[in-house]
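The residues making up each chain are set out below.
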Amino acid sequence: MPWCDTCAEYLAPNATTSHGACPKCNTVLATKSSLQMEARSLGLPGPGQSEGEVPKAPWHFKLLLLAVVLYLGWRGVQGIGWLFEKFS
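As the structure is a computational prediction, the values presented were derived from the model and not from experiment.

**Student:** What am I meant to see in the overall build of the protein here?
**Tutor:** What the protein contains, in helices and strands, is two helices and two strands. N-terminal to C-terminal, the α/β element order of the protein is β-β-α-α. For the protein, buried positions account for 15% of its 88 residues. The long-range share in the protein, meaning contacts at least 24 apart out of those at least 6 apart in sequence, stands at 15%.

Right, here's the structure in full:
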């Protein structure tokens, strides 16, 4: 998150100008590429990125979802097995 020393406040990546400067005092805070990288990591549209464009989920998030689905599926099978043992 960009910090302006002159104004003594944090600015959202979308709050800076297109050149990465503070809108109040015009101090350059960061380059456009660093703002794009930071916005991308937060899942926000960065400078030069359209508002409707949805960022892709990272691969490790998809792997985590797969692991959770497999784990909960197996626990469901165990629960059904437990019910059959309990009531038979």
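**Student:** Is there a simple way to explain the pattern of salt bridges in this structure?
**Tutor:** Side chains carrying opposite charge are able to pair once their charged atoms draw close together. Scanning the entire structure with this criterion turns up one salt bridge. Of the charged contacts in the structure, one is a salt bridge between Glu9 and Lys24, with a shortest N-O distance of 3.1 Å. On the criterion of sequence distance, the pair formed by Glu9 in strand S2 (residues 9-10) and Lys24 in the loop between S2 and helix H1 (32-42) is long-range, its members being 15 residues apart.

**Student:** Please explain unusual backbone geometry as it appears in this structure.
**Tutor:** Only a minority of non-glycine residues have a phi that is not negative, and only a minority of peptide bonds are not trans. A positive phi angle, close to 55 degrees, is found at Ala8, a residue other than glycine. Residue position: Ala8 is located in the loop between strand S1 (3-4) and S2.

**Student:** Help me understand a nonpolar patch on the surface, please; the structure alone is not making it clear to me.
**Tutor:** On the surface, Phe61, Leu64, Leu65, Val68, Tyr71 and Leu72 cluster together to form a nonpolar patch covering roughly 600 Å² of accessible area. The residue Phe61 is located in helix H2 (residues 59-86) in this model.

**Student:** Teacher, can you tell me more about the state of the cysteines here?
**Tutor:** If you walk through the whole model with that rule in mind, you get zero disulfides. Here Cys4 is not cross-linked by a disulfide; its sulfur's nearest cysteine counterpart is in Cys25, at 3.5 Å. Of all cysteine sulfurs in the structure, the one in Cys22 sits closest to Cys7, which takes part in no disulfide; the separation is 3.6 Å.

Calculation rules
Residues numbered from 1 in each chain as written. Predicted model: local features only at pLDDT ≥ 70, side-chain atom pairs only at ≥ 80, totals over all residues. Heavy atoms only, no water. Helix = DSSP H or I, 4+ residues; strand = E, 2+ residues; numbered from the N terminus. Buried < 20%, exposed > 50% of the residue type's maximum accessible area, 1.4 Å probe, protein only. Contact = heavy atoms within 4.5 Å. Salt bridge = Lys/Arg side-chain N within 4 Å of Asp/Glu carboxyl O. Patch = residues over 30% accessible without salt bridge, like charges linked within 9 Å, V, L, I, M, F, W, Y side chains within 5 Å. Areas by Shrake-Rupley, 256 points an atom, 1.4 Å probe, with all protein chains shown as cover. Disulfide = S-S within 2.5 Å.

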